[in-house]
Amino acid sequence: QVQLVESGGGLVQAGGSLRLSCAASGRTFSNYAMGWFRQAPGKGREFVAAISWNIVNTYYIDSVKGRFTISRDNAKNTVYLQMNSLKPEDTAVYYCAATPSDRNWVAAVGYNYWGQGTQVTVSS
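In this report, we go over the structure that sits alongside the text. (Residues numbered from 1 in each chain as written. Predicted model: local features only at pLDDT ≥ 70, side-chain atom pairs only at ≥ 80, totals over all residues. Heavy atoms only, no water.)

Description of the side chain of Thr78
Piece 1. Mapped onto the elements of the fold, Thr78 is located in strand E8 (residues 78-83).
Piece 2. A polar side-chain atom of Thr78 sits 2.8 Å from the main-chain carbonyl oxygen of Lys76.
Piece 3. Not counting residues within four places of it along the chain, the set of residues in contact with Thr78 comprises Ser21, Cys22, Ala23, Phe29, Arg72 and Asp73. (Helix = DSSP H or I, 4+ residues; strand = E, 2+ residues; numbered from the N terminus. Polar contact = N/O pair within 3.5 Å; in protein donor to acceptor, adjacent residues only side chain to side chain. Contact = heavy atoms within 4.5 Å.)

Side note on the pattern of salt bridges
Piece 1. Inspection of the entire model under this criterion finds 5 salt bridges.
Piece 2. Note that Arg38 and Asp90 form a salt bridge whose closest N and O atoms lie 3.0 Å from each other. Taken as a pair, Arg38 in strand E4 (residues 33-39) and Asp90 in the loop between E8 and strand E9 (92-99) lie far apart in primary sequence, 52 residues in all.
Piece 3. Residue classification places Asp90 among the buried residues on the basis of a relative accessible area of 1%.
Piece 4. Ionic pairing is found between Lys65 and Asp62, a salt bridge with its closest N-O pair at 3.1 Å.
Piece 5. Look at Lys65 and you get partly exposed, because its relative accessible area is 47%.
Piece 6. Residue classification places Asp62 among the exposed positions, given a relative accessible area of 65%.
Piece 7. By sharing partners, the salt bridges in this structure join Arg38, Glu46, Arg67 and Asp90 into a single network. (Salt bridge = Lys/Arg side-chain N within 4 Å of Asp/Glu carboxyl O. Buried < 20%, exposed > 50% of the residue type's maximum accessible area, 1.4 Å probe, protein only.)

See below:
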């Protein structure tokens, strides 16, 4: 089992920044690729970004490229999502998730473990 706990969400004005953190405990964190997903009201869960276990590879959806940065610190068992130039359409509950796969990171079904989510609200 891997337990994931997100933090860092909140209310921010458009153009502002937030840094989300996801602390992991349980099985060896460095064995897993990590992803961030989000779910806006009335919408399905959407992939945002992912990072490989060895930090070599990252992947983003087009709408956040150049604005969001995913990173991880395996010594601290933590993955981060730095979000800059936030837009109202970024408003959602953000979830981190862990997968043992080194590919196919976009599909939520590929992730074994999920956090409880943290709310991000961007006002216009």
